[in-house]
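Observations on the model geometry
The primary structure of each chain is shown beneath.
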Amino acid sequence: MTLGNTNPPPHARPLPFAYATGEDWSSIGKECLLKLGEIGNCNLGLVYVSDHLADDLSSLVTLLRRITGVSHWVGTVGVGLCALDKEIFDQPAAAIMLLDVPAENIHMFSIQRPSDVTELAQQAQKWFKDDLPPFAIVHADPRQDDLLSLLDSISLETGCFMVGGIVACRGTAIQLADSFTAGGISGVLLRGGSLPVSVGLTQACIPRGSFYVITGTEDNLITELDGRLALDVLREDMSQRGESETTATSIEDGLYVALSVPGSDTGDYIVRPVVGINRTAGWLALMEPVERGRRLSFTKRDATAAREDLRQMVQSLKRRLCAPARGALYISCLGRGTHLFGPGSQELKLIQYELGGIPLVGMFAGGEIFHGRLHGQSGVLCVFS
């Protein structure tokens, strides 16, 4: 999907961008500032730091604000960062990108409860009549109990196209949306058309066979598929692909389901892991409640299919760009990267090969947000032009 003016003015200069590793936040911040170069009219900063710098993010952002004059900042901490064509893990690091968005088209927010969503919708109401929907970049705390319902509410009440990720770090899940928060969802809401952007989603788990209708559920348990015991359907599905149930882990280790998205006419699906199987009762367990009537297909992570899906997604996105790419934001699942594509930052190198080496920042997340839906084992790419 492309969100922005169909005929924006051409931009020759890539977005200001920098990343650095080092011993402490001060040296990293100074190196990033040296690399940023001319910032022009930029008024919004994206900043991601490794969790080694979680306690120093406030100091880093204070330095960035003071030197650059950029007033609005959004970002978070993560176990892993994306920077240009490099995956950065297990060391202090920061990745920064500046966007040129008019100040009147920027609205920072933090959502902790349903009433906050209503307030956000009221504040952004003046944008609702625009031809293009608002665009939101968000980060969320994995410990938020009603996370899925809050995401649904934000999408429904604001009508925004929302992308982002669930914070994955070894300490406090700090989020930045001008001010620092923990818990809930925070980010930036941008007026539709104020930032030309094209977005795409890629999956690591591709549906491998038939889709079945969920006909029996109990909270997060799937008891029946197509009117039969769920486990019997799974065994039959595996048998049709020449797979056999030889050990207790053979159908539980790395097993996922692709769940259809209600109301989608483009075959959209979300991936969820199977976290338990009861061989006596014949049910399958997911990590969240699932409703009857949805369709699912069984799947597993597939590196070859994931690489091809990523390539096709980037190529499709590139064809949809309304102007030359100036920079990108990429949110990838922690289970991807080296774990799926192998060492040497192959996931990011593939993206850069297709896009031609543009500035890129991002993080490895505990869940990926695309169009307001929470995904897993996926990658969300936003290309700014």
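Residues numbered from 1 in each chain as written. Predicted model: local features only at pLDDT ≥ 70, side-chain atom pairs only at ≥ 80, totals over all residues. Heavy atoms only, no water.

Some thoughts on the overall build of the protein
Applicable threshold: Here a helix means four or more residues in a row that DSSP labels H or I, a strand means two or more in a row labelled E, and each is numbered from the N terminus. Each residue gets one of three labels from its accessible area relative to the maximum for its type: buried under 20%, exposed over 50%, partly exposed in between, using a 1.4 Å probe on protein chains only. The method behind every accessible area is Shrake-Rupley, applied with a 1.4 Å probe, and residues are considered shielded solely by the protein chains displayed. Charge assignment in this entry is limited to Lys and Arg as positive and Asp and Glu as negative, and neither His nor the chain termini are counted. Taken as the charge location is NZ of Lys, CZ of Arg, CG of Asp or CD of Glu.
Of regular secondary structure, the protein possesses 8 helices and 27 strands. With respect to the principal axes defined by its C-alpha atoms, the protein has extents near 65 × 45 × 40 Å. Counting all 385 residues of the protein, 55% fall into the buried class. For the protein, the exposed area adds up to about 15,600 Å²; of that, 50% sits on carbon and sulfur atoms. Computed over 32 positive and 43 negative side-chain charges, the inter-centroid distance for the protein is 5 Å.

Things to note about the sheet that holds strand 11 (residues 174-177)
Two orientations exist for strands paired in a sheet by backbone hydrogen bonds: parallel and antiparallel. Quick note on the threshold: Think of it this way: DSSP has to see at least two bridges between two strands before they count as a pair. Think of each axis as a best-fit line through the C-alpha atoms, taken over the contacting stretch in the case of a helix, with angles from 0 to 180 degrees between the N-to-C directions. Here a residue-residue contact requires only that any non-hydrogen atoms of the pair lie within 4.5 Å.
Spatially, 2-7-3-4-11-12 is the arrangement adopted by the 6 strands of the open sheet, whose pairing is mixed. Across the chains shown, the open sheet's two edge strands, defined by having one partner strand only, are strand 2 (17-21) and strand 12 (179-182). Averaged over all neighbouring strand pairs, the angle between strand axes comes to 15°, with direction disregarded. In this structure, strand 2 lies alongside strand 7 (residues 93-99), joined through 5 bridges in antiparallel fashion. Its bridge partner being in strand 7, Ala18 is matched across the sheet by Ile96. Strand contacts of helix 1 (residues 25-36): strand 2 and strand 7, with the helix running at about 150° to strand 2, the strand carrying the most contacts.

What about helix 5 (residues 230-240)?
Short version of the rule: What the arc covers is the set of directions going from the helix axis to the C-beta atoms.
Within the span of helix 5, buried status applies to Ala230, Leu231, Val233, Leu234, Asp237 and Met238. Across the axial projection of helix 5, the buried residues extend over an arc of 160°, all falling on one side. Away from the buried face of helix 5 by more than 90 degrees, exposed residues Ser239 and Gln240 are located. Gly242 occupies a position one or two residues after helix 5 and carries a positive phi of about 80°.

Thoughts on the packing of helix 3 (residues 114-123) against helix 4 (residues 147-158)
Where we set the bar: For classification, angles of less than 35 degrees are called roughly parallel, those exceeding 145 degrees roughly antiparallel, those between 65 and 115 degrees roughly perpendicular, and all remaining angles oblique. Each crossing is labelled by how the near helix is turned from the far one, with a counterclockwise turn of less than a right angle marking it left-handed and a clockwise turn marking it right-handed.
Contact pair helix 3 / helix 4: the axes reach a minimum separation of 9 Å and the direction vectors enclose 20°. Looking at the two axes, helix 3 sits roughly parallel to helix 4. Crossing geometry of helix 3 relative to helix 4 is assigned as right-handed. For the pair helix 3 and helix 4, the contacting residues are Pro114, Val117, Thr118, Leu120 and Ala121 in the first and Leu150, Ser153, Ile154, Glu157 and Thr158 in the second.

Notes on unusual backbone geometry
The phi torsion at Ser345 lies on the positive side, around 55°, for a residue other than glycine. The class for Ser345 is buried, based on a relative accessible area of 11%. Even without being glycine, Gln377 reaches a positive phi, approximately 55°. With respect to the helices and strands, Gln377 occurs in the loop between strand 26 (373-375) and strand 27 (378-384). For Gln377, a relative accessible area of 11% translates into the label buried.

Comments concerning the pairing of strand 22 (residues 295-300)
The sheet contact formed by strand 15 (residues 212-218) and strand 22 spans 2 bridges and is antiparallel. Across the sheet, the residue bridging to Tyr212 is Leu296, located in strand 22. Bridge count between strand 18 (residues 255-260) and strand 22: 5 bridges; the pairing is antiparallel. Across the sheet, Tyr256 pairs through a bridge with Thr299, a residue of strand 22.

Points about the environment of Cys169
Structurally, the position occupied by Cys169 is in the loop between strand 10 (161-166) and strand 11. In the structure, Cys169 is positioned 91 residues away from Gly78 in sequence and 4.8 Å away in space, judged by C-alpha atoms. Excluding anything up to four places from it in sequence, Cys169 contacts Asp51, Val77, Gly78 and Val79.

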